[in-house]
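# Descriptive analysis of the structure
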Number of protein chains: 4
Amino acid sequence: MPDDPLFLDATPATVGYTFGGREPVATIYPGELVRLRTWDCFGGKVTSTDDLPSQVCQFPYLNPVTGPLWVDGARPGDTLAVHLVDLTPVGEVGWSATFPHFGALTGTPTTAMLHPALEERVWQYRIDAANGTVGFTASNGDYTAELALQPMLGTIGVAPAAGEVRMSIVPGVHGGNLDTPLLTAGATLYLPVGIDGALLAVGDGHARQGEGELCGVAVEVPMDVTLTVEVIADVPTSLPRLETDTQLASIGIARPLDDAYRSAHADLIGLLADLTGLDQLDAYQLLSQAGTARIGNMVDKQYTIAASLDKSLLYGAEPYRGAHRRLRALGGRP
Amino acid sequence: MPDDPLFLDATPATVGYTFGGREPVATIYPGELVRLRTWDCFGGKVTSTDDLPSQVCQFPYLNPVTGPLWVDGARPGDTLAVHLVDLTPVGEVGWSATFPHFGALTGTPTTAMLHPALEERVWQYRIDAANGTVGFTASNGDYTAELALQPMLGTIGVAPAAGEVRMSIVPGVHGGNLDTPLLTAGATLYLPVGIDGALLAVGDGHARQGEGELCGVAVEVPMDVTLTVEVIADVPTSLPRLETDTQLASIGIARPLDDAYRSAHADLIGLLADLTGLDQLDAYQLLSQAGTARIGNMVDKQYTIAASLDKSLLYGAEPYRGAHRRLRALGGRP
Amino acid sequence: MPDDPLFLDATPATVGYTFGGREPVATIYPGELVRLRTWDCFGGKVTSTDDLPSQVCQFPYLNPVTGPLWVDGARPGDTLAVHLVDLTPVGEVGWSATFPHFGALTGTPTTAMLHPALEERVWQYRIDAANGTVGFTASNGDYTAELALQPMLGTIGVAPAAGEVRMSIVPGVHGGNLDTPLLTAGATLYLPVGIDGALLAVGDGHARQGEGELCGVAVEVPMDVTLTVEVIADVPTSLPRLETDTQLASIGIARPLDDAYRSAHADLIGLLADLTGLDQLDAYQLLSQAGTARIGNMVDKQYTIAASLDKSLLYGAEPYRGAHRRLRALGGRP
Amino acid sequence: MPDDPLFLDATPATVGYTFGGREPVATIYPGELVRLRTWDCFGGKVTSTDDLPSQVCQFPYLNPVTGPLWVDGARPGDTLAVHLVDLTPVGEVGWSATFPHFGALTGTPTTAMLHPALEERVWQYRIDAANGTVGFTASNGDYTAELALQPMLGTIGVAPAAGEVRMSIVPGVHGGNLDTPLLTAGATLYLPVGIDGALLAVGDGHARQGEGELCGVAVEVPMDVTLTVEVIADVPTSLPRLETDTQLASIGIARPLDDAYRSAHADLIGLLADLTGLDQLDAYQLLSQAGTARIGNMVDKQYTIAASLDKSLLYGAEPYRGAHRRLRALGGRP
């Protein structure tokens, strides 16, 4: 393990647009604190409200991810635990936009309609880290509002199994564009290792987002990310799972939302039963009364829902041999 | 307006299984405090864990609603505001169950599968009003858990327009089995008046439920309900809307969940734009960052999602001419 | 049974807009030939391409059905077999239209979008019974095309069970707006009797339609209908089923289409197994290779798919005790 | 162009399990007749009804495709037209099966349920080329049936754009596991070229299949395929399209089926308008009355629907500069 923490800047050499299919740009070691920077989803090309993404960006090359990082010791069949120690937006502005034929309330290439595209428009947000706010200004009229700053990562994933390569804008079992607001500092994400070295990459920082990412674009910011990882050997994972100090979640990824809801809950029921000894129907019943189900996005090629439960229901039982607790300690946050 | 508050008990004469198609059992007046009792969704027929609903209940006669109540002055084209002043579970136990071919993780008559039904099982919950808890006991093993008591009404609605009559277990534009956890004491629900007198009915009390009502059955309890209404004349409503002291919500009702999400947000965008002067795209953008989307149920013939926003974003503007504020004052709760 | 065949004209007294909730306008007897006329879905109010439905029709009062007819001897728990002896479009023109926010390729109240409505436009079709054609003329340019005349009934149903009343534009287990192109002369439809007398009503004649009724409106015509019925006592039916001389079908009714597909096939597998003695998995396998699945509509509040099989696979076994064969003979068609 | 027709056998060196991510195994030239063999979807490992696929196959390595073939001259932005000259099943048996948690009427990883898997079972079919039949034999009882032999290719595609690699079992814009019964000898498929050389691969021959491929497995056979290609330079294609002597189709690929229906029809409307000069709404209207919509599969990670129209409606206009007509002539079939 190296003496100095890695810092990986976001440069054309260190970012890409896929999970899988690229050579690692660095090697990281379990337990090491890794710092890296991510570009915003526009690759930094939107710098004023006149910069329409469809003109300044080169489709489909959106949503750059920094990496991939070779994780020392990770092998197919393992689970990679990625703990987010810190997420700090870079700079004092964030950007959002409506895109042509992208979003939950517009015709898209799949939910195809005969309507012309909605107007493409860009909004600039003010990031005030000191006050913990994100400032919205209407494009028409003088309405403004201050929202809570809640930094999160939209996209985090590894190379898929079976030789697949997916665009970074697609969520899947390998992670990717999960867009779940639970992915904040202090959270640990569990992903299935698909190939040797896992090939972790992250990007798509959000200063905040609403549930479902309604128009398809959050408050997009470059982000300084501090993370650390653990490899849980020989423990497979079927769906991305997420753990915080208080919550345990399974992330369903599917269309329609119904199936994201179903797969997330089926996975969480299995996990709850394993950790508590409840039988399947008892776990189903308990989650029916105690579960939450937060919509991540309903705009990508696959939609996401995080089904979660309060860890007090686990009476101290820990998934993945306590990986979150150990990584939390390494992160050094209170 | 009468001197004494109405109290309407739940009896075979005062409960029914439809919205529309029944004669009013009482008349209520705007501003009057109305107290009534509701049966649980099983009509009180489940009294032990040996009482399997498929045996003790007579399908499809589930989910009884108390009423309907003729609302003085309500006419088609008006909106009925129903404010829940108090919800008190009756007794010290609640019931839940798995039903054959009902729930989110089983084949159903529409999401038809070739699998035999899951096991039918009944759970008894302990309602502890003093401590504010709902106690779960596993049917196998010795696992128990205390969950927070969060009384809500699953079903509240009026007679549909255009002569339709719907079973009480179905949610729709007329309200019905909305199953949204936001429907607690202190909330005001806005419903479109479909026929003269509105014909309000309520039922299906829950001591609490998880998001999406995973197995299709919450912690079902009889409930003492105190409510009061206001008729907002000549103001139509397209979807049920809900207001609390801090939140404003539109309730989308559709399958798949995608469409519940879409219709709820499209409605809330229109409402937000009307109340603030934001143009449609600004409202779309703001809600994309600031909105929440809570799944009510994903188990009925139609699914529900409540899209909501924090009322601080309205800067004091009030929907429905301030009906919630007036009804809140009438309710006399702090 | 009366001597002369009934002829029931379509008049304000004999048409309505619901299944259930109305008094019978006539009594019919099993085996009797019944003749009646239906209005087109616009109630005859569209008479030129300048008559925009949103202006000349009074929403939601569309899709009038002639009836209801009291069927002598029909009781809940029975199945009503309705055989279409003849369907003859009335007159020489048919009408179609785009409606605001209705159709498969536009935002609708449930698949809500922020787009303004598509243009509302009306098309007149020429019905040429002698040549068996339906003539399309483009509204812009000089393109014309002759399509095959294939008269069918869009809407046929009985009063729902459990006291429900549904608008005639909604399909359901009770039948209603099924919009399946299989509903032509020579077909027998099987519906569950929900209340005494069944209360059959029919309407929404189509000179023809494409699969899925893409824009939501077929070539709409008034229709002269000759039908005859049989009551199959004490045989319940879960989904509408349809039989012709060569095909046997189950009609799935749900959203999304996936569930219409699933429920139709699950029902047809059960029927196939019952009639042939195949076990469930063998019937599943056979239908996987031999089945067809025709989309009725993807535009109404519920979508429909008819799963069907070739009756040669039944080796002479007959559903419903041979009702189709008997009714076919009564119809007197070759 | 070489003198002798290429014949490419299916061997471990010439088959793979992805579109993209593999080196070409041969080069083909536009206009050349290419012959190749494909393995069945089980890779030939099912040889008796005792060979359960979950035991004899190595998941997820199913659905092998022969290739990829470098197409001389194909560049991103072009369209590749692939004409199927001949499809001849190899041998006299075909295989089908139920797979655990795969198919339309069982819980799957995405439409997750708590039910245990349905029984895994294998069926052997007799392929009788002389009589043009496929013989079904029930696994229980003595039921048999002869179905029509209708050879088709389930899977045909090119390398995706933007560096993606997809498993061969997934359908997408690049083609892949389309499973449409229209893909028979005599059909031309149009695919977007994603990378230099296109990298065409084919596999998954079916002796026949039902609409929707209900249980997820057709009558699976190895196939001798004769095909020829044309590169249509600088003509992009958004969705796979298919042309026969009488039909023109767009293939929608999405979940739920609704979106497959929508995207297929939106694409076909654009094509119809381009070819005839009809405006968009006229084309929408015409297709509403004249279109067909055949479900390919409802079992893969994405579902497929082919929206089609009769080419007589085009009055001689030809898509893709007449590629189908030219390729048809090359194929030398009557």
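Residues numbered from 1 in each chain as written. Chains lettered and ligands numbered in written order. Predicted model: local features only at pLDDT ≥ 70, side-chain atom pairs only at ≥ 80, totals over all residues. Heavy atoms only, no water.

As named in an unreviewed UniProt entry, chain A is Amidase, taken from Paractinoplanes toevensis.

Attention now goes to the domain arrangement of chain A. Residues and elements named next belong to chain A. Domain boundaries assigned for chain A yield domain 1 (6-232) and domain 2 (241-314). The C-alpha centroid of domain 2 is placed 22 Å from the C-alpha centroid of domain 1. Taken together, the 29 residues of domain 1 in the interface contact 19 residues of domain 2. Between domain 1 and domain 2, roughly 1,900 Å² of surface is buried when both sides are summed, and carbon and sulfur atoms account for 61% of that area. If you sort the residues of domain 1 by the area they bury against domain 2, Pro 171, Leu 182 and Tyr 190 come out on top, with a joint share of 27%. Inspection of the domain 1/domain 2 interface yields one salt bridge. Note that Glu 211 and Arg 294 form a salt bridge whose closest N and O atoms lie 3.9 Å from each other. For the side of domain 1 that touches domain 2, the secondary structure elements donating two or more residues are strand S14 (171-172) and strand S16 (188-192). In terms of residues, the side of domain 1 that touches domain 2 owes the most to one element, S16, which gives three residues. Residues belonging to the side of domain 1 that touches domain 2 are distributed by class as follows: 14 nonpolar, twelve polar and three charged. (Domains from an automatic or database assignment. Contact = heavy atoms within 4.5 Å. Buried area = accessible area lost by both parts, 1.4 Å probe. Salt bridge = Lys/Arg side-chain N within 4 Å of Asp/Glu carboxyl O. Helix = DSSP H or I, 4+ residues; strand = E, 2+ residues; numbered from the N terminus. Nonpolar A, V, L, I, M, F, W, Y, C, P; charged D, E, K, R; others polar.)

This brings us to the relation of the copies chain B and chain A. When chain B is brought onto chain A, the operation consists of a screw motion whose angular component is 180 degrees and whose axial shift is 0.0 Å, with 0.0 Å RMSD remaining. Look at the turn and shift together and you get a two-fold axis relating the two. Considering only C-alpha atoms, the part of chain B nearest the rotation axis is Leu 257 of chain B, at 2.8 Å. With an isologous cut-off of 70% or more, the 100% of interface residues of chain B that recur at the interface of chain A puts this contact in the isologous class. (Least-squares fit on C-alpha atoms with pLDDT ≥ 70 in both.)

What follows covers the environment of Leu 275 of chain C. Residue and element names in this part refer to chain C. Mapped onto the fold, Leu 275 is located in helix H2 (residues 257-276). Spatially, the C-alpha atoms of Leu 275 and Gly 316 are 9.1 Å apart, while their sequence positions differ by 41 residues. Discounting chain neighbours no more than four positions away, the residues touching Leu 275 are Leu 248, Leu 314, Ala 317, Glu 318 and Pro 319.

Moving on, we come to the relation of the copies chain D and chain B. The operation relating chain D to chain B is a screw motion whose rotation component is 180 degrees, with 0.0 Å of axial translation and a residual RMSD of 0.0 Å. Take the interface residues of chain D: 100% of them recur as interface residues in chain B, which is what a same-surface contact looks like.

On to the packing of helix H2 (residues 257-276) of chain A against helix H3 (residues 280-290) of chain A, then. In a pair of packed helices, the angle between the axes and the distance between the axes together describe the arrangement. Residue and element names in this part refer to chain A. Their axes nearest at 9 Å, the elements H2 and H3 cross at an angle of 115 degrees. Here H2 and H3 pass one another in a crossing that is right-handed. Counting all contacts with H2, which are made through His 265, Leu 268, Ile 269, Leu 272 and Ala 273, the residues of H3 involved are Gln 280, Ala 283, Tyr 284, Leu 286 and Leu 287. When grouped by side-chain class, the residues that make up the contact of H2 with H3 number eight nonpolar, two polar and no charged. (Axes fitted to C-alpha atoms, helices over the stretch in contact; angles between N-to-C directions. Left-handed = near helix turned anticlockwise from the far one by under 90°.)

With 61 residues of chain B in contact, the opposing surface of chain A contributes 61 residues. For the pairing of chain B and chain A, the buried interface totals around 5,200 Å² over both sides, and the portion due to carbon and sulfur atoms is 58%. It is Tyr 143, Tyr 284 and Gln 289 of chain B in chain B that bury the most area against chain A; as a group they hold 15% of the surface buried on that side. On the surface where chain B and chain A come into contact, there are six salt bridges. For Asp 282 of chain A, the salt bridge identified is with Arg 121 of chain B, shortest N-O distance 3.5 Å. Linking chain B with chain A are 46 residue pairs in polar contact (both at pLDDT 80 or more). Of all the secondary-structure elements, those providing two or more residues to the side of chain B that touches chain A are strand S8 (93-98), strand S9 (121-128), strand S11 (144-148), helix H2 (257-276), helix H3 (280-290), strand S21 (292-295) and strand S22 (303-310) of chain B. Per-element tally for the side of chain B that touches chain A: the top contributor is H3 of chain B, with nine residues. (Polar contact = N/O pair within 3.5 Å; in protein donor to acceptor, adjacent residues only side chain to side chain.)

The next subject is the pairing of strand S17 (residues 198-206) of chain A. Residue and element names in this part refer to chain A. Within S17, nine of the nine residues are buried, which leaves the element mostly enclosed by the surrounding structure. Looking at chain direction, strand S6 (residues 65-71) and S17 are connected through four bridges and run antiparallel. In the strand pairing of S17, Trp 70 is matched with Ala 198. Note that strand S12 (residues 152-157) and S17 share five bridges and pair antiparallel. Each bridged residue has a counterpart across the sheet, and for Leu 153 the counterpart in S17 is Gly 205. (Buried < 20%, exposed > 50% of the residue type's maximum accessible area, 1.4 Å probe, protein only. Pairing = 2+ DSSP bridges.)

Before going further, it helps to spend a moment on the sheet that holds strand S9 (residues 121-128) of chain D. Residue and element names in this part refer to chain D. The strand order across the open sheet built from four strands is S8-S9-S10-S11, with neighbouring strands paired in antiparallel fashion. Two strands in the sheet have a free side with no partner beyond their single neighbour: strand S8 (93-98) and strand S11 (144-148). Across the sheet, the mean angle separating the axes of adjacent strands is 30 degrees when strand polarity is ignored. As judged from the five bridges shared by strand S10 (residues 133-137) and S11, these two strands associate in the antiparallel manner.

All right, on to the interface of chain D and chain B then. Often the size quoted for an interface is simply the accessible area lost on bringing the parts together. Taken residue by residue, the interface counts twelve residues in chain D and twelve residues in chain B. In this assembly, chain D packs against chain B so that about 1,000 Å² is buried in total across both faces, 70% of it on carbon and sulfur atoms. Summed over the three residues of chain D that lose the most area to chain B, namely Leu 105, Met 113 and His 115 of chain D, the buried surface amounts to 51% of that side. Connecting chain D to chain B are zero salt bridges. The interface formed by chain D and chain B contains eight residue pairs in polar contact (both at pLDDT 80 or more). Considering only residue class, the side of chain D that touches chain B consists of eight nonpolar, four polar and no charged.

Next up on the list: the sheet that holds strand S11 (residues 144-148) of chain A. Two modes of strand pairing occur in sheets, parallel and antiparallel, and in both the strands are linked by backbone hydrogen bonds. Taken together, the four strands give an open sheet; going across it, the order is S8-S9-S10-S11 (chain A), and neighbouring strands pair in antiparallel fashion. Either end of the sheet is taken by a strand with one partner, and the two such strands are strand S8 (93-98) and S11 of chain A. For this sheet, the mean angle separating the axes of adjacent strands, direction not counted, is 30 degrees. With six bridges connecting them, S8 of chain A and strand S9 (residues 121-128) of chain A associate as antiparallel partners. Bridge assignment links Thr 98 of chain A to a residue of S9 of chain A, and that residue is Arg 121 of chain A. Along the sheet face, H3 of chain B touches S8, S9, strand S10 (133-137) and S11 of chain A and points at about 40 degrees away from the line of S9 of chain A.

Turning to the side chain of Ser 250 of chain A, a few remarks are in order. All names here are of chain A. Structurally, the position occupied by Ser 250 is in strand S20 (residues 247-254). Among the residues examined, Ser 250 registers a relative accessible area of 0% and is labelled buried. Among the polar contacts made by the side chain of Ser 250, one reaches the main-chain amide nitrogen of Leu 268 at a distance of 3.4 Å.

Glancing now at the packing of aromatic side chains. Residues and elements named next belong to chain B. This structure, assessed with the given rule, holds 32 aromatic pairs over all chains. Geometrically, the ring pair formed by Phe 59 and Phe 99 is edge-to-face, given 5.8 Å between the ring centres and 70 degrees between the ring planes. With Phe 59 in the loop between helix H1 (53-56) and strand S6 (65-71) and Phe 99 in the loop between S8 and S9, the pair connects residues that are 40 residues apart, well separated along the chain. By relative accessible area, Phe 99 is classed as buried at 8%. (Phe/Tyr/Trp six-rings, centres within 6.5 Å; stacked < 30°, edge-to-face > 60°.)

We now examine the nonpolar core. Counting residues in hydrophobic clusters, the biggest one holds 188 residues, and the most contacted among them are Leu 80, Leu 200 and Leu 227 of chain C together with Leu 80, Leu 200 and Leu 227 of chain D. Apart from the residues lying within four places of it in its own chain, the contact partners of Leu 80 of chain C are Val 71, Val 158, Leu 189, Tyr 190, Leu 191, Val 193, Ala 198, Leu 200, Val 229, Glu 230 and Val 231 of chain C. Formed by 186 residues, the second largest nonpolar core is a distinct cluster that contains Val 229 and Ala 307 of chain A together with Trp 123 and Val 134 of chain B. (Core = buried A, V, L, I, M, F, W, Y, C linked by side-chain atoms within 4.5 Å.)

In this structure the tally under the stated criterion is 60 salt bridges over all chains. Across the pair Arg 328 of chain C and Asp 245 of chain C runs a salt bridge whose closest N-O atoms are separated by 2.8 Å. Linking Arg 328 of chain C in helix H4 (residues 323-331) with Asp 245 of chain C in the loop between strand S20 (241-243) and strand S21 (247-254), this pair joins segments that are 83 residues apart in sequence. Each of Glu 119 and Arg 121 of chain A together with Asp 279 and Asp 282 of chain B takes part in one network of salt bridges that share partners.

One turn of an α-helix holds 3.6 residues; hence residues three or four places apart share an orientation. Residue and element names in this part refer to chain B. Between the first and last C-alpha of H2 there are 28 Å, a value that for 20 residues agrees with the 28 Å anticipated at 1.5 Å per step. Taking burial as the measure, the 20 residues of H2 include 16 buried ones, the bulk of the element. Where H2 terminates, the next one or two residues include Gly 277, which has phi positive at roughly 80 degrees. (Expected span 1.5 Å × (residues − 1).)

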